[in-house]
Amino acid sequence: MATTSKTKNNTLKLKFDTSWNYAPAPESKSIAAIKDKYDLFINGAFVKSSSKKHFKTINPANEEVLSEVADANATDVDKAVKAARTAYDKVWKKMSGKERGKYIYRIARMVQERAREFAVIETLDGGKPIRESRDFDVPTAANHFFYYAGWADKLEYAFPNRKAEPIGVAGQIIPWNFPLLMAAWKIAPALATGNTVVLKPAETTPLTALKLAEIIQEADLPPGVVNIITGAGATGAALVNHPGVDKIAFTGSTDVGKIIQRAIAGTNKKATLELGGKAANIIFEDAPLDQAVEGVINGIFFNQGHVCCAGSRLYVQESVYKTVLRKLKDRIETLIVGDPLDKNTDIGAINSKQQLETIHKYIKIGQQEGAEMHQSSCALPGKGFFCRPTLFTNVAQSSRIAQEEIFGPVLTIQTFRTEDEVIEKANNTPYGLSAGVWTDKGSKIFNMTTKMRAGVVWANTFNKFDPTSPFGGYKESGYGREGGLHGLSAYVNLI
Ligand code: ADP
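Computed from a predicted structure; not experimentally measured.

**Some thoughts on the layout of surface pockets**
Part 1: A volume near 1100 Å³ is recorded for the largest pocket.
Part 2: Looking at the largest pocket, it is lined by 44 residues, and the ones nearest its centre are Trp 176, Phe 250, Gly 252, Ser 253 and Val 256.
Part 3: In the lining of the largest pocket, the residues fall into 21 nonpolar, 15 polar and 8 charged.
Part 4: Each of domain 1 (37–275 + 477–494) and domain 2 (280–466) contributes no fewer than three residues to the lining of the largest pocket.

The following block contains the structure:
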């Protein structure tokens, strides 16, 4: 709890009473039905993988094994792609949009009905706070299915005077930061436009995609329309290289995005790639500072920084720098790091040991580069992968912590004097996924949004998503858009 007291020179000083804590409010795990073992979902049924291998998926908050999931090899990928092809040719592309829409609505409703179970499993498998999975991931995933279900019988209005034909079999590869939501982003528009799907979730977070497979089975979707296979990079590569795949939709690191781009060069495969980011969050002196500080916290810390569009670089106008820095330091001291299932938790577990090591590596690099580090003083749980919210000041524009994607709760803070200067600095990165602007002046917002090379620019808010708005990047953040009408057009050939 925070109290204030007067200091010698009569200014108010904020003090935190660390003896006062929230009582734990953990969400019950009992609703989450997780099997000990999962097979692959191919052609409408759960089938054994021909590799006969399984790998463990763990809870990053306590390192306990949650389940073992099948490791799909090239033979399994081939089976899944063939099932998707047959379903495409024989059933799905011939079905009317109205009928396709009914199936997608059904999936949307079932995700809603089982929202709590999805939220708990997402938090157990991925480490994100239950508040985030419950209030953002799962409802937004259901909304994507609802939104695209609505388009299925209206494609002639989405693309007036054109005939929108499906592309064929879509190979979809998704990362671990928004496992269910990314599955929804990929599957919903593909189905609405008449494509069939082979989806591979990330190896550290396969469980909600497998739950979705159960729903798809219960929803009676024709066999083969959606296939969900689990595995790591080799499984993803086998999917990308399979000649029966017509379109690749990938969300993940820029490095793997480049590998995929090389792999499909010279083929007829279409692709959308949503890759890394290094978003600039910009606070002008005329901004509502408390609101801006809360937006910055939300943009980088509430999600452990596990967001490609995380606001990981903060630019503050010089005249308000000291105030903003003080407010930020005070605020991170109040953030609760710990059990992701606890409804009070702000910052959950880092998704994997490997990712935690990467974050620690960057924190060290930041110090070696001469930046000044400030971390909250909170205690971390003894088990699991956790990281304190971390601020860096005195950061050089060319430093690695300001240029490279860290994907953790680490914020670099720099100052600026003029609009032109901050535009130059914000754009000075290989990425261009998102950005944020905090100001009282509409004209400044327009100036900034037109000059920032970022796919999304939020004004006086951050990390807001809606199924109707497109999302995607400039430069090394990838190409193609997901969401909205743009997201539909990524799955059709227009004739
Ligand atoms: P992140 O850094 O977010 O883990 P990755 O790009 O490593 O991102 O992983 C994103 C997804 O890409 C995961 O599902 C992963 O298994 C998959 N993947 C990794 N390597 C390859 C590859 N060479 N080809 C296709 N998919 C891959």
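**A word on the domain arrangement of the protein chain**
Part 1: On domain assignment, one finds that the protein chain holds domain 1 (37–275 + 477–494) and domain 2 (280–466).
Part 2: Once you take the C-alpha centre of each, domain 1 and domain 2 turn out to be 30 Å apart.
Part 3: Roughly 2400 Å² is buried in total at the junction of domain 1 and domain 2, and carbon and sulfur atoms are behind 60% of that figure.
Part 4: It is Arg 131, Trp 176 and Ser 477 in domain 1 that bury the most area against domain 2; as a group they hold 23% of the surface buried on that side.
Part 5: Joining domain 1 to domain 2, the criterion identifies 1 salt bridge.
Part 6: Split into classes, the residues belonging to the side of domain 1 that touches domain 2 amount to 12 nonpolar, 9 polar and 8 charged.

**Looking at the packing of aromatic side chains**
Part 1: In total, this model carries 14 aromatic pairs according to the counting rule given.
Part 2: Pairing Trp 176 with Phe 407 gives two aromatic rings, centres 5.3 Å apart and planes at 90°, and the pair type is edge-to-face. Taken together, the residues Trp 176 in the loop between β9 (169–173) and α6 (179–192) and Phe 407 in the loop between α13 (400–403) and β18 (410–416) connect sequence positions 231 residues apart.
Part 3: A relative accessible area of 19% places Trp 176 in the buried class.
Part 4: Accessibility expressed as a relative area gives 15% for Phe 407, which makes it buried.
Part 5: Ring geometry for Phe 284 versus Phe 416: centroids 5.2 Å apart, planes at 80°, classification edge-to-face. Here Phe 284, found in the loop between β14 (280–283) and α10 (289–300), pairs with Phe 416, found in strand β18; they are 132 residues apart in sequence, far enough to count as distant.
Part 6: Clustering of aromatic rings is evident, with ring pairs tying together Phe 136, Phe 178, Trp 185, Trp 458, Phe 462, Phe 465 and Phe 471.
Part 7: Directly above the ring of Phe 46 sits Lys 35, whose terminal nitrogen or CZ lies 5.1 Å from the centroid.
Part 8: It is Lys 247 that lies over the ring of Tyr 491; its NZ or CZ is 4.6 Å from the centre.

**Section: the site of the ligand**
Part 1: If you check the shell around the ligand, you find 16 residues, and the closest are Ile 174, Trp 176, Lys 200, Glu 203 and Ser 253.
Part 2: Between the ligand and Trp 176, the relevant distance is 2.9 Å, taken from an oxygen atom to a side-chain nitrogen or oxygen of the residue.
Part 3: Protein coverage of the free-state accessible area of the ligand, which is 550 Å², stands at 80%.
Part 4: Comparing atom positions with the cavity grids shows the ligand to sit within the largest pocket.
Part 5: Breaking the shell around the ligand down by element, the ones donating at least two residues are α8 (233–241) and β12 (247–251).

Definitions and cut-offs
Residues numbered from 1 in each chain as written. Predicted model: local features only at pLDDT ≥ 70, side-chain atom pairs only at ≥ 80, totals over all residues. Heavy atoms only, no water. 1 Å grid on protein atoms, 1.4 Å probe; cavity = no way out; pocket = protein on both sides within 12 Å on 5 of 7 lines; lining within 4 Å. Points joined across faces, edges and corners; volume = space filled by probe spheres on them. Nonpolar A, V, L, I, M, F, W, Y, C, P; charged D, E, K, R; others polar. Domains from an automatic or database assignment. Buried area = accessible area lost by both parts, 1.4 Å probe. Salt bridge = Lys/Arg side-chain N within 4 Å of Asp/Glu carboxyl O. Phe/Tyr/Trp six-rings, centres within 6.5 Å; stacked < 30°, edge-to-face > 60°. Helix = DSSP H or I, 4+ residues; strand = E, 2+ residues; numbered from the N terminus. Buried < 20%, exposed > 50% of the residue type's maximum accessible area, 1.4 Å probe, protein only. Lys NZ or Arg CZ within 6 Å of the ring centre and 35° of its normal. Near = heavy atom within 4 Å. Polar contact = N/O pair within 3.5 Å; in protein donor to acceptor, adjacent residues only side chain to side chain. Areas by Shrake-Rupley, 256 points an atom, 1.4 Å probe, with all protein chains shown as cover. Sits in = over half its atoms within 2 Å of the grid points.

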